Amino acid sequence: MKIRTRLAIRFALIVGTILLLFTSSIYYFASRYRENQFRTRLYNKAITTTRLLLEVEEVDKKLLDIIERNTVNALFSEKISVYNFRNERIYHQEESGPPLNISTDMLNKIRLEKDYRFGIDGQEAVGILFEADFDRFVVIAAATDELGLTQLEYLRVILVSGLLVSVVITLISGWMFAREMLAPISNVIARVENITASNLSLRVDEGNKQDEIALLAVTFNGMLGRLEAAFEMQKRFVANSSHELRTPLTAITGQIEVTLLSRRTVEEYEQILRSILDDIRNLTRLTNGLLTMAQVSSETSDPKLRNVRIDELLWQTRDDLLKVHPDYSVNIFFENLPDDESKLTVHGNEQLLRTALINIMDNGCKYSNDRRVNVYLEAHSLIRITCIDKGIGIPAEDIAKILQPFYRSDNARSQPGHGLGLPLAHKIIQLHHGKLHISSQPGKGTAITVELPPIA
Ligand code: ADP
């Protein structure tokens, strides 16, 4: 069932229940009021009739009958009976049909109660004990409250039809109200159905930006914004990777085509092959970087975690780097290292951590004239590795951008690279719940700090 229908029904049920309680209590009190009024009239009637009969000597039964018949306030099918102390009926209105059939028990009960209200032969009745100077009489007056009951019936019809009409009106207005209230959601649904990967720039209507539905739309738009940004980044990444891959491939193709134009000497072939090998190595580095990037970006990747001693890892990384670049100089300094080796140990993927550190150390040497980087290791609550070089530095406006894949500062273009090393290192450190800070002064040098949580 749709929320709109559910709301309308719930609304009508609530209003219907309240109205039902309200109309029932109105009917109940009206009916009690009528009953009391009528009984009071019966009571007065009984008293007046008996007084006329017993206290006014000129009035006999016949005259009383005539008086009764002609009084304006005569009640419908009124019957009045008077009994003496011997339970003998001394008076009853002859014209109103057979007398009331009152049992001795009832007469006694009336004598006991003095004012007793009851129903008899489908009529309402009042029995009272009338005490004269030397005698006690029981007077019973019974009648049908034709007018009161008709009015009550009329009231019941009004209340029941009013109740039904109100419930129907509430149902319809509730349905319309719910439709109006939920219209923004229907708009959002219609709009969202049009959003696909190719038009992520579409946004849903945020309405007044105040109510809950508008806030949902605002949140949804926020999510769309983040998705669009991620999607754009992905597209840029693919475009940049293709471009980076194409450059060495074009170079290789060009070299081979030019070489094939004429016969070469063995030395020339060797030189060309060496150049092609350089390009292929470059290509391999790039594809390795891309693969690692894909590995660390993928949530399903299995990072093969184990405990890694960072001091040992630094030495191994240094050796690996120096094997490829013997001209580099990497100096490692340990600052007051703790005895507890768990404070130097990280639970992580050794291969990825090594890649991250190699990239940072490699940059330090690559972008410095002296090809030298100093690495400081500290271990307190966090393991902190700081790589400091005295190289070209990073322009302040580029510091925020160099963590984006393929971004390279203008002053770094003289050195080979693809702009993948630092973003990759950043992703790897994030994967290990660590942080990477960059501080740099162009022309003076750069300090890159990595903070990792130890297992301790
Ligand atoms: P690249 O392959 O270009 O070195 P990186 O992702 O490792 O790619 O670095 C991105 C950019 O950050 C570099 O192109 C360079 O502009 C800047 N950079 C990184 N490290 C340093 C550093 N130690 N000194 C100066 N610039 C650096």
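It should be noted that the structure appears before, not after, this text.
About the criteria used
Residues numbered from 1 in each chain as written. Predicted model: local features only at pLDDT ≥ 70, side-chain atom pairs only at ≥ 80, totals over all residues. Heavy atoms only, no water. Helix = DSSP H or I, 4+ residues; strand = E, 2+ residues; numbered from the N terminus. Rg over C-alpha atoms; globule rule 2.2 N^0.38 Å. Buried < 20%, exposed > 50% of the residue type's maximum accessible area, 1.4 Å probe, protein only. Contact = heavy atoms within 4.5 Å. Areas by Shrake-Rupley, 256 points an atom, 1.4 Å probe, with all protein chains shown as cover. Lys, Arg positive; Asp, Glu negative; His and termini not counted. Charge placed at Lys NZ, Arg CZ, Asp CG, Glu CD. Phe/Tyr/Trp six-rings, centres within 6.5 Å; stacked < 30°, edge-to-face > 60°. Lys NZ or Arg CZ within 6 Å of the ring centre and 35° of its normal. Pairing = 2+ DSSP bridges. Axes fitted to C-alpha atoms, helices over the stretch in contact; angles between N-to-C directions. Expected span 1.5 Å × (residues − 1). Salt bridge = Lys/Arg side-chain N within 4 Å of Asp/Glu carboxyl O. Core = buried A, V, L, I, M, F, W, Y, C linked by side-chain atoms within 4.5 Å.

## What about the overall build of the protein?
Item 1. When its secondary structure is counted, the protein shows ten helices and twelve strands.
Item 2. The C-alpha atoms of the protein give 52 Å as radius of gyration, which overshoots the globular expectation for 456 residues (23 Å, by more than 25%).
Item 3. With the C-alpha coordinates aligned to their principal axes, the bounding extent of the protein is approximately 160 × 60 × 35 Å.
Item 4. Out of the 456 residues in the protein, the part that is buried amounts to 37%.
Item 5. Considering only residue pairs separated by 6 or more positions, the protein has 63% of its internal contacts joining residues 24 or more positions apart.
Item 6. Accessible area of the protein: about 27700 Å², with a carbon and sulfur share of 57%.
Item 7. The distance from the centre of the 53 positive side-chain charges to the centre of the 57 negative ones in the protein is 4 Å.

## A few points about the packing of aromatic side chains
Item 1. In this structure the tally under the stated criterion is six aromatic pairs.
Item 2. Centroid distance F237 to F406: 5.3 Å. Interplanar angle 50°. Geometry classified as tilted. Here F406 lies in the loop between α9 (396-399) and α10 (421-431) and F237 lies in helix α5 (residues 212-260), a separation of 169 residues in the sequence.
Item 3. Its guanidinium or amino end placed over the ring of W175, R4 lies 5.2 Å from that ring's centre, counting from NZ or CZ.

## So, the sheet that holds strand β7 (residues 329-334)
Item 1. Reading across from one edge, β7-β9-β10-β12-β11 is the order of the five strands in this open sheet, with mixed pairing throughout. Only two strands of the sheet have a single partner each, and these edge strands are β7 and β11 (435-441). With strand direction ignored, the average angle separating the axes of adjacent strands in the sheet is 15°.
Item 2. Where β7 lies against strand β9 (residues 372-379), six bridges are found, and the strand directions are parallel. Paired with F333 across the two strands is Y376, which belongs to β9.
Item 3. Along the sheet face, helix α8 (residues 350-366) touches β7, β9, β10 (383-389), β11 and β12 (445-452) and points at about 135° away from the line of β9.
Item 4. Contacting β11 and β12, α10 runs over the sheet at an angle of about 145° to β11.

## Quick word on helix α6 (residues 266-297)
Item 1. For α6, with 32 residues, the first-to-last C-alpha span of 46 Å sits near the 46 Å given by 1.5 Å per residue.
Item 2. Considered for burial, the residues of α6 that qualify are I272, I276, D279, L283, L286, G289, L290, T292, M293 and V296.

## Side note on the sheet that holds strand β4 (residues 123-131)
Item 1. With antiparallel pairing, five strands are arranged side by side in an open sheet as β2-β1-β5-β4-β3. Looking at which strands have only one partner, the edges of the open sheet turn out to be β2 (89-92) and β3 (115-120). For this sheet the average axis-to-axis angle between neighbouring strands, irrespective of direction, equals 20°.
Item 2. Across eight bridges, β4 lies against strand β5 (residues 136-144) in antiparallel orientation. Looking at β5, one finds that L129 is bridged to V138.
Item 3. With respect to the sheet, helix α3 (residues 104-113) is in contact with β1 (76-83), β3, β4 and β5, its orientation differing from that of β3 by roughly 150°.

## Topic: the environment of H433
Item 1. Here H433 lies in the loop between α10 and β11.
Item 2. Taking the relative accessible area as the measure of exposure, H433 reaches 68% and is therefore exposed.
Item 3. Measuring from C-alpha to C-alpha, the distance between H433 and L305 comes to 13 Å, with 128 residues separating the pair along the chain.

## Let's talk about the pattern of salt bridges
If the charged atoms of two oppositely charged side chains come close together, the side chains can form a pair.
Item 1. One pass over the full model with this rule turns up 21 salt bridges.
Item 2. Between D319 and R318 there is a salt bridge, and its shortest N-O distance comes to 3.8 Å.
Item 3. On the basis of relative accessible area, D319 is assigned to the partly exposed category, the value being 38%.
Item 4. Among the ionic pairs, E378 bridges to R384, the shortest N-O distance being 3.9 Å.
Item 5. Through salt bridges with shared partners, a single ionic network connects R34, R39, E124 and D145.

## Here we look at the pairing of β3
Item 1. With burial as the criterion, only one face of β3 is covered, namely that bearing Y116, F118 and I120; the residues D115, R117 and G119 on the opposite face remain uncovered.
Item 2. By the bridge criterion, six bridges tie β3 to β4 in an arrangement that is antiparallel. Across the sheet, the residue bridging to G119 is E124, located in β4.
Item 3. Here β3 hands over to β4 after two residues, with D121 in that stretch at a positive phi of 50°.

## Observations concerning the nonpolar core
Item 1. Of all hydrophobic cores here, the largest spans 43 residues; its most connected members are I310, L314, V330 and I385.
Item 2. At seven residues, the largest contribution of residues to this core is made by α8.
Item 3. Dropping the residues within four chain positions of it, L314 is found in contact with I332, F334, L357, M361, V375, L377 and I385.
Item 4. Ranked by size, the runner-up nonpolar core spans 15 residues in total, among them F38, L42, L53 and F137.

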